[in-house]
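# Structural features, examined
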Amino acid sequence: MQGVFEKLQQLQGILSERYQIERHLSEIPRRLSTQNEVVLRLRKSYSEKEHIYTNLSEVVSKLRLDLGDAQIVREAAERRMEAVKTQREFEALEKEINDAATEEERLRQDLRKNEQELQSIESSMKVELELITEQEAELEEINKSVAQESSQEEQRLRELVIEESKLTPDLEPNLLYKFESIIKNKLGLGIVGIRSGVCSGCHIVLPANFVNQVRMAEKVEFCPYCSRVLYFEDGDVDEFFTGYIDGDEMGGLIDLVDEDDFEEEEPPTLIDEEMAGDYEDN
Ligand SMILES: [Zn+2]
C-alpha cells in the first residue's frame, strides 16, 4: 500500500503540472483572437474614415471651384454696374450682384464647414494609425511569445506523458480515473494526509473508525467529504489513538493549518446568512 501512495504522490505532481499546462495551452487561441479582433476593429474603423475622407475631399474641391466661379460672376456683374444707364437696369443688376454675393457667402460657409470636418477626420485618422501600429506590434509580440511558449510547453507535456506512463500501469484503472478527476477539480491536490484525525485536504474531522481503516492501509480510502485519497501520516499514531489531546496542543495544531487551504471550502455560515436574508425579505 505504501507503494501505491508513493506512486500517487508522484503522479499528483505530474498530473497537476500537466493539467496546468493544458489549461494554459487551451487559453492561447482566446488570447490571440482577442488581440486579432482589436486590430481588425481598428483597421475597419480606419478604412471607414478613409472612405469618408475621400468623399469629403471631393466635396471640398468642388466647393472651392464653385466658390471661384461665384466670385467671377459677382465681379463681372459689379463691372457691368459702370455701364448702367437706367434705374430699371440698375435695380436688375443690383439684384444680380446681391444674389451672387449671397451665393458666394453660402459657398464659403459650406466650404469652411467641410474643411473643418476634413481636418478633424484627418487628425483622428492619424491617432488611429498610431494605435493600429501599436496594436499590430503587440499582436506580433504575442504571436512570437505564444509560439515559443507553446513549443516549450508541448515539449514538457510530452515528457510528463512519458513519466506518467511509467506510473499508471501499476495502478488500478478505476482508482486512476478517480484520482485524475480529483486533481483536475481540486486544483492539484489528489492525495492528502490525515493529521490528528482531520483530513488535511478539507480540514473536516473524520470518524475515528474510518481514520483507523486508513491507518491499516488495506485498501485505498477516499475522504467522504472532499473525495481525496487519504493516507495516515507518520508520527500521528500516539497522539490520535491515546484519545487525548489537551487544549494547548489543539491550539497548536490549528495554527499549523495553512489558511490558504481553506479558500476552496464553502464557509458553512453562508447558507444560514442567505436563509436569514430570505426570511427578512418575506
Ligand atoms: Zn477531505
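Notes on the structure follow. (Residues numbered from 1 in each chain as written. Predicted model: local features only at pLDDT ≥ 70, side-chain atom pairs only at ≥ 80, totals over all residues. Heavy atoms only, no water.)

## Focus: the pairing of strand β4 (residues 229–232)
Here is the rule we go by: Note on classification: 1.4 Å probe, protein chains only; a residue is buried when its accessible area is under 20% of the maximum for its type, exposed when over 50%, partly exposed between these limits. In DSSP terms, a helix is any run of H or I states spanning at least four residues, a strand is any run of E spanning at least two, and both are numbered starting from the N terminus. Paired strands, as defined in this entry, are two strands with at least two bridges between them according to DSSP.
Because side chains alternate across β4, one face comprises the buried residues Val229 and Tyr231, and the other comprises Leu230 and Phe232, equally buried. Counted between consecutive antiparallel strands, the loop separating strand β3 (residues 221–222) from β4 contains six residues, among which Ser227 sits at a positive phi close to 65°.

## Some points on the packing of aromatic side chains
Selection rule: The criterion for an aromatic pair is that two Phe, Tyr or Trp rings (for Trp, the six-membered ring) have centres within 6.5 Å, with stacked assigned to planes under 30 degrees apart, edge-to-face to planes over 60 apart and tilted to the rest.
For the structure shown, the criterion picks out one aromatic pair. Aromatic pair Phe5 and Tyr231: ring centres 5.9 Å apart, planes at 50°, arrangement tilted. Remark: Tyr231 occurs in strand β4 and Phe5 occurs in helix α1 (residues 2–80); sequence separation between them is 226 residues. Residue classification places Phe5 among the buried positions, given a relative accessible area of 6%.

## Comments concerning the nonpolar core
Filter applied, for reference: To form a nonpolar core, buried Ala, Val, Leu, Ile, Met, Phe, Trp, Tyr and Cys residues must be joined to one another through side-chain atoms within 4.5 Å. Residue contacts are defined here by distance: any two heavy atoms, one from each residue, within 4.5 Å place the two residues in contact.
Within the largest apolar cluster, 26 residues are counted, with the highest numbers of intra-cluster contacts made by Leu8, Leu11, Leu175, Phe179, Ile191 and Val229. Only α1, α2 (87–167), α3 (173–185) and β4 provide two or more residues apiece to this core. Not counting chain neighbours up to four residues away, the residues in contact with Leu8 comprise Leu171, Leu175, Phe179, Ile191 and Val229. In this structure, Leu42, Leu56, Leu63 and Ala70 belong to the second largest nonpolar core, which totals 13 residues.

## Description of the sheet that holds β3
Where we set the bar: Axis lines are fitted to C-alpha atoms, over the contacting stretch for helices. Their N-to-C directions set the angle, which ranges from 0 to 180 degrees.
Strand order in the open sheet made by the four strands is β2-β1-β4-β3, with mixed pairing throughout. Strands at the two margins of the open sheet, each flanked by one partner only, are β2 (198–199) and β3. Pairing between strand β1 (residues 191–195) and β2: two bridges, direction antiparallel. Bridged to Arg195 within β2 is Val198. Strands in contact with helix α4 (residues 208–216) are β1, β3 and β4; relative to β4, the strand with the most contacts, it is inclined by about 80°.

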